[in-house]
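A structural walkthrough
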Protein chains: 4
Amino acid sequence: MTYREFGVAILGAGRIGMLHAENIVTAVPGLTLKMVVDPVPAAIERAHESFGVEVDEDWRAAVQNPEVDAVIICSPTDQHAAQIREAAAAGKHIFCEKPIARDLEFIDELLAHVEEQGVKLQTGFNRRFDRNFAALRNWIVGGEIGDLWVLKITSRDPEPPPLSYLQDSGGLFFDMTIHDFDMARFLAGAEVREVTACGSAMVSEETKEAGDVDTALITLRFENGVLAQIDNCRQATYGYDQRIEAHGRSGMLLADNERADTVTFADSDGFHRQPSPRFFLERYHDSYVRELESFRGALEGGPVAVSGLDGRQAVLAAAAADIALRERRTVTLEEVAQDLKVESTARRADG
Amino acid sequence: MTYREFGVAILGAGRIGMLHAENIVTAVPGLTLKMVVDPVPAAIERAHESFGVEVDEDWRAAVQNPEVDAVIICSPTDQHAAQIREAAAAGKHIFCEKPIARDLEFIDELLAHVEEQGVKLQTGFNRRFDRNFAALRNWIVGGEIGDLWVLKITSRDPEPPPLSYLQDSGGLFFDMTIHDFDMARFLAGAEVREVTACGSAMVSEETKEAGDVDTALITLRFENGVLAQIDNCRQATYGYDQRIEAHGRSGMLLADNERADTVTFADSDGFHRQPSPRFFLERYHDSYVRELESFRGALEGGPVAVSGLDGRQAVLAAAAADIALRERRTVTLEEVAQDLKVESTARRADG
Amino acid sequence: MTYREFGVAILGAGRIGMLHAENIVTAVPGLTLKMVVDPVPAAIERAHESFGVEVDEDWRAAVQNPEVDAVIICSPTDQHAAQIREAAAAGKHIFCEKPIARDLEFIDELLAHVEEQGVKLQTGFNRRFDRNFAALRNWIVGGEIGDLWVLKITSRDPEPPPLSYLQDSGGLFFDMTIHDFDMARFLAGAEVREVTACGSAMVSEETKEAGDVDTALITLRFENGVLAQIDNCRQATYGYDQRIEAHGRSGMLLADNERADTVTFADSDGFHRQPSPRFFLERYHDSYVRELESFRGALEGGPVAVSGLDGRQAVLAAAAADIALRERRTVTLEEVAQDLKVESTARRADG
Amino acid sequence: MTYREFGVAILGAGRIGMLHAENIVTAVPGLTLKMVVDPVPAAIERAHESFGVEVDEDWRAAVQNPEVDAVIICSPTDQHAAQIREAAAAGKHIFCEKPIARDLEFIDELLAHVEEQGVKLQTGFNRRFDRNFAALRNWIVGGEIGDLWVLKITSRDPEPPPLSYLQDSGGLFFDMTIHDFDMARFLAGAEVREVTACGSAMVSEETKEAGDVDTALITLRFENGVLAQIDNCRQATYGYDQRIEAHGRSGMLLADNERADTVTFADSDGFHRQPSPRFFLERYHDSYVRELESFRGALEGGPVAVSGLDGRQAVLAAAAADIALRERRTVTLEEVAQDLKVESTARRADG
C-alpha cells in the first residue's frame, strides 16, 4: 500500500520525541521525518546521527520550514502553548503530547485559535490505541456488556521519576492520572460530572516535599451515570501495572497486563512468571505507532481520533481532582469551569 | 482428635441459621446442636425433621435451656440486642451474625453488658476464614509485600435480593459493604479514619424507590495511612465476584475468584470457562465451617477471633459511608462517633 | 434427605482404608461403618480409637458379620482375590481398590464368581468422580468438541514412594498408569486396541534396581480410533500434576490442576503462586466421597458406576504396556488376552 | 546502531518469500533486498511493485548478481538442492527454508559442498527465535529445572492446507513435525536416538487418500536419555496451538500460547477469551525477524545459529518416524542412517 507523503518535524528530542522519530522512520509509511528541533545541542546531535535529518536548536525553524506539513510537539508543557499558536498560524498540523497546557483558559484560547487557522490538532493519548483497551472498548460499544455501570482503571508505574521531573510535572493528576481521565472518558462515552480523590505520598519523602501525592484513589461520576475508580501509584515492583475492568448490566470485561513471555516456571516454591513489561515504551510500543498512523489518517483528510477537546477535558478533570483532594469533597467539573471564568475575568480586570 | 462438647442453640431458622445447623451436625465435632428456635412454625418443623433436635417458637426457651452453652444468633437484626442481652445474662456464650445492631449506641451498651457477664461474643464475619483471603492476610502479616499501601476489594453479588429483603436490610452499606469494611480492617491491621462514598441505583428501580443504592464505590483511609477502595454491586451476571488486591512497598497480592471447575473449553469462538460459583453459600462454604471451629476454640478458652468490637467498627464505617454518600464529602469516624454521643446525650435529656 | 442404611466393613486399615472409614463416618450418610479389620494390631487399635467400631485381625470376621452388607477392600493386592471370593460367597457387596488382581486369568474367574453370587462389585477408580474430569467428560459426551480425536493425560506424582512400596507395586504401569488407562477408557468411551510405551528410571537408582521405570510416555489407540498420550513421572517438585486435554473435531477441553488457593504474589522477581496440592488425598479428597456415594447408589439397587470389567481392562492395558516397553513395539490387547489363554491352558495342562 | 550492508536475493516469491522480503525492507537493518526471483510472472510483478527491486524469472540471475551477498531460498523443496549447490559455487551465503531436501544422501552431499565452498548456510527453523521458546530454553540451559527428563510439544495447525499442498508436502512428518523435531533437539541439547509414532487421517478423507496422516503422536528418546512427546494435528478450531512443556529433576517449564489480546469477557455463560492467533505468520511474526537478524550476524562473521546439520537431523528424524508409523515399532536413527548408506551404495552400484 502506498501513502501520500507528509513532512514532519519533531519539537523536543527527549525520550518521547525520539520514540516518535524512530516510529516515523521505521514503522509509519506516509510520514517523512524532516527535522528534529531541541534547544539542547547534544540532543539534536544524537537525533542527527540516528536519523540523518536536519536539526535546529530553535523550534521556530521547524514551524517556518516549508517542507514540514505537521509538527509533533514533545517539548516541556510550558512551551506547548507558544508552539501550538505559531505552528497553527503557519498552517502546520499539530500532534501534541499531553497535557496541551495546564491552564484551562489558555487551552480554550489555543483550541479556538487552532480551529480558526483550520489545522488539525491531535492530542497524544496513545493508550486509546493499545490493542487491549481498544478491544475492550469495542466490546463495550458493541453492547456486549449492556449498559455500562462501572469502570475500574489500575495504572501503576514501576518506579517514581526523578525529583527534577516530579517538580516540573504539574503533580500526579496532571502528569499520570491524566491518561486515566482520558481513558475513562473514552470508555464511558460521556463527560465527567464529578471527581472525588484521596491520596498520599507513600513512595518517597521527595514527593511529600514537592507537595504532591504518589498514590491516589480517584472516583468519577459521568454525565451518563457511569461510575469509575482509578488506582494510581508511582511504584509497582512487579512491573508496569495497566489493567482495566468494565462492568455493565449484562457482563464484564477485564483487560489484563501484557506478559513479557508466556513461560511459567514451576518448582518446589510454586509457579512463577516474569514481571510485567517494565514501562510504557515497552508496554505501549505498538500504541505509539498506531496513534501516528491515526494522525496520518487525519492529515489525509480523515477525522482526528483524539481531539484538542479530549486534551482539554482531561486537564479539567485533573484540576477538579486537585481541589477534591485538598478539600476532601466531591467536586463538579461545572464548578471548576465556572471558577476559571471568574478567575479569568478577574485577571483581565486586574490587567 | 476428640473435643470437649458444647451444647449449641440456633436462634433463627432461616437460610443462614440452617447452614450453621448443618455445619454443626456434619462438620464441627465438639459442638452439639441442642435446639433450633424460630417464631415461624414451618421453619422449626423443617429444622426438627432435618436434625431431630428440640425446637421452640420462643427464643427464650433456648436461653433458659441448661443444656445450651452457646447461642448462635441468626435472627433479624432488630432482635439481636434483646437476644444478646438475655443470653449474656443467662451466662450463654454468643455467636452473632452481622450486624450486631444498627444503632451504635446500642452496640456499645451491649458489648459492655457482654463483658460484664464474662461470656464470649463472636461476630459472624466469615470471610476472614476464607482460605484465599486468610492466605492473602498471612502474606501481608509476614511482611512479604512490605508496608501495606493500598487495598482493593471487589465484592459483587450475582443478583439483587428481593425487595422485601432490601427494605429491611438497612441499606447497601449496612448489609453488604459491612463485610468489606471488616475485611479491609482485617487486612489493614488498623482502624478506619475516613470514608468517602459514591453510588447509584443502577440495577433496579426498586432500589431507588427504597432510597438505597445498589452500586457503590467506597474509599477508606486508615489510621496507619493505608488507603482502600471497595467496589460493590448487587448484580454480576458472571457469578459472585469476590476478589482482593493488596499493594505494598515491595510487592502485590491478588486473591482471585474461585472457579467452579478447572476446565477450559475452546472452540472457534475462543476459550471459555464456567461462571464463578453462584453465591455465598457455595463460595464461602468452607469459611462457615472454619468460623464455627474458631468459635469452638473460643468456647474452649481461646481468644475470640472476631470480636464484638470488630462488629461495632464495621457498623461505624457503614454509618460514615451513609453520611459521605448523602453529603458528597469525606467523613471521619471520629465525627460519626462524636455525633452519636451528642445524639445519645440529647436523647437521654429528652427521655 | 434420608438414606437406607448399609453396614460396611473396611478390609485393610492403611492410608486408603482409613480415608474411606473417615469419609463413611463424616460424609456419606447411608453407609454405617461396622468393622475395620487388619492383621496389624496397632492399625486396628488406631481405627477403634478413631471410630469406636468393632475391629478384628482376621478379615474373615468381617465377611461373616451379619451386620455387614458390604466390604471395602483396601488390603494389599495379593489378598484381593481371596477376599473378593469369600465376600461374594457370603453375599456381601464389594468395593475393591485397584488393581483387582495382577493376574488377568484370576480376575476373569473372580468376576464370573461375583456375577454368579449376584453381588455388586465396584472398582476404586476414584478419579472418575473428580469434579474437573467429570465435567470434562460431560462436555465430551455432550458433543461439545465433536468427534473425539486425541486425549492427553498428564499424571505426575510429587515424589516417589518408598522402595518397599515400589518393590510390591507391580511396576509403574500396574500401580500408577492404571488410573490413567481407566481415565482414558472412561473419556474415550471405547476399549483400548493398542499400546506403545517408552520409559526410563530417571528419578532414582532404586527404581532401576527394582527393574522398573519411573518416567514413561505411553501411547494408546482405541477401538473407535481415538489416540491418547499418557505422561507419567514419579516426581514433580511443584506438586501433584493431574491434567487432561481432549481434542476433537470442533473443539478442545483442558482440565487444569487445582490450586491450593487463588492468591498470586508479585514482586520484582515476577508473579508467584503456591505449588499444586501435594498429593492424592488432598487433590482427590472429594472424589473419594463421591465414589462411596456412588457405591451407596449401587447398594440401593442402582447400576455400578465403575465395574469389575473396568478394573480388568485397565490391568489388561498395563500388561500390554509392559510388553510394549520391553519389546519396543506396539502391542495389541487382543494379543495379550490371547497369550493369557495360552498360558492359562498350559498352566492347567501342567497342573 | 549501524550495520555493514549485505545484498540479499529472495528465491521464491510465495507467502514465506514475501514475508522475508518485507522483514528485510522494514525490520532488519544491514540486509538490503536486491532481487526477488520466481518463475511465476505475476509473483515477481507483485514483488517489484511492493519493494521496487529488480526481479527475474530465472533464479540463476540472483546467483550471478554481484550485488547479492546471500540468497534466501524459499522455493519448492525439490529446487533447494540445485539452488544451494550453485549459490555456494558462486560464493553466496545461504539461508534455506526447511527442509533442505527430503533425500538424506543428497543433504549430506550438499552440506559437504557448502563447507568446501566456505559459505555460510542457515536453516529456517524460525521457532528457535520465538521469544517464549527461546526463554524456555534459557531456563533449561541455566539449569533452573535441573536435569531435563521430558519434553512435551503441542503443535496443532488451525486448519489443513489445500490438497495440492498436501500432495507435495512430503507428508506430515517432513512438513509439520520437522519443526518439532528441531525444537526437541534444540531443547534437549542432544541428538535423537529413537522414534516411535502413531497416527491417523482424522481431519479429512483427502489426507487418507494422499496416504498421509493428519493427526500424530510421536515419542522420541534422545542420546542423553531425555524423552519427548510430540502432539500434531492439522486442525485446531480455537487457533494455532503452539505450546511446550519441559520437565526436569527440580522443576518444570511451560510455554503457553500467545493471546490475541489480554481481554476476558464475562457474562452469564461464563468467562471468554479470543481464540489464539490464527497462524504462523501472526504467531511467529517476531521470530522471522529475529532469524534474519541472526543470519545477518552470521554474515558479519558470527556463528550460524541453525546449521545445515540441524536441517539434516530433523529430516533424519522425520524419515525414522515414517518407518516407525508404518512398522508400528521403535526405530533408531542409526538404523535409518545405515539403510541410507546401503541404499546409496546400491544405487551407485546400479548406476
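What you see is a predicted model, and the numbers here were worked out from it, not measured in a lab.

With that settled, consider the packing of aromatic side chains. Any pair of aromatic rings gets described here by the distance separating the centres and the angle formed by the planes. Counted according to the given criterion, the structure contains 20 aromatic pairs over all chains. With a centroid separation of 5.9 Å and an interplanar angle of 90°, the aromatic rings of tyrosine 240 of chain B and tyrosine 284 of chain B are classed as edge-to-face. Linking tyrosine 240 of chain B in the loop between β10 (227-233) and β11 (241-248) with tyrosine 284 of chain B in the loop between α10 (280-283) and α11 (285-299), this pair joins segments that are 44 residues apart in sequence. When sorted by exposure, tyrosine 240 of chain B lands in the same class as tyrosine 284 of chain B, which is buried. One aromatic cluster in this structure is built from Phe133, Tyr240 and Tyr284 of chain A. Lying across the ring of phenylalanine 271 of chain D, arginine 273 of chain B places its NZ or CZ 5.0 Å from the centre.

Here we take up the side chain of serine 169 of chain B. All names here are of chain B. Within the secondary structure, serine 169 sits in the loop between α7 (163-168) and α8 (172-188). There is a polar contact of 3.1 Å between the side chain of serine 169 and the backbone nitrogen of glycine 171. Filtering out sequence-adjacent residues up to four positions away, serine 169 remains in contact with Arg102, Phe174, Asp175 and Arg234.

Attention now goes to the interface of chain A and chain B. Frequently, the measure chosen for interface size is the accessible area removed from exposure when the parts meet. Counting from both sides, the interface comprises 41 residues of chain A and, opposite them, 41 residues of chain B. For the pair chain A and chain B, the summed buried surface comes to about 3400 Å²; carbon and sulfur atoms form 53% of the total. For chain A, the biggest contributors to the area lost against chain B are Trp149, Met202 and Arg328 of chain A; these three give 19% of the whole. Here chain A is connected to chain B by 6 salt bridges. Put simply, lysine 152 of chain B and aspartate 231 of chain A hold a salt bridge, and the shortest N to O gap is 2.6 Å. Linking chain A to chain B there are 28 residue pairs in polar contact (both at pLDDT 80 or more). Elements represented by at least two residues in the side of chain A that touches chain B include exactly β7 (148-156), β8 (192-200), β9 (215-222), β10 (227-233), β11 (241-248) and β12 (252-255) of chain A. By residue number, the principal contributor to the side of chain A that touches chain B is β10 of chain A, which donates 6 residues. Taken together, the residues of the side of chain A that touches chain B break down into 15 nonpolar, 15 polar and 11 charged.

The next thing to look at is the interface of chain D and chain C. Listed per partner, the contact involves 41 residues of chain D and 41 residues of chain C. Summing both sides of the interface, chain D and chain C together bury roughly 3400 Å²; the carbon and sulfur share of this comes to 53%. Ranking the residues of chain D by area buried against chain C places Trp149, Met202 and Arg328 of chain D at the top, with a combined share of 19%. On inspection of chain D and its partner chain C, the count reaches 28 residue pairs in polar contact (both at pLDDT 80 or more). Take the side of chain D that touches chain C: its biggest share by element is 6 residues, from strand β10 (residues 227-233) of chain D. Class assignment for the residues of the side of chain D that touches chain C results in 15 nonpolar, 15 polar and 11 charged.

Criteria and thresholds
- Residues numbered from 1 in each chain as written.
- Chains lettered and ligands numbered in written order.
- Predicted model: local features only at pLDDT ≥ 70, side-chain atom pairs only at ≥ 80, totals over all residues.
- Heavy atoms only, no water.
- Phe/Tyr/Trp six-rings, centres within 6.5 Å; stacked < 30°, edge-to-face > 60°.
- Helix = DSSP H or I, 4+ residues; strand = E, 2+ residues; numbered from the N terminus.
- Buried < 20%, exposed > 50% of the residue type's maximum accessible area, 1.4 Å probe, protein only.
- Lys NZ or Arg CZ within 6 Å of the ring centre and 35° of its normal.
- Polar contact = N/O pair within 3.5 Å; in protein donor to acceptor, adjacent residues only side chain to side chain.
- Contact = heavy atoms within 4.5 Å.
- Buried area = accessible area lost by both parts, 1.4 Å probe.
- Salt bridge = Lys/Arg side-chain N within 4 Å of Asp/Glu carboxyl O.
- Nonpolar A, V, L, I, M, F, W, Y, C, P; charged D, E, K, R; others polar.

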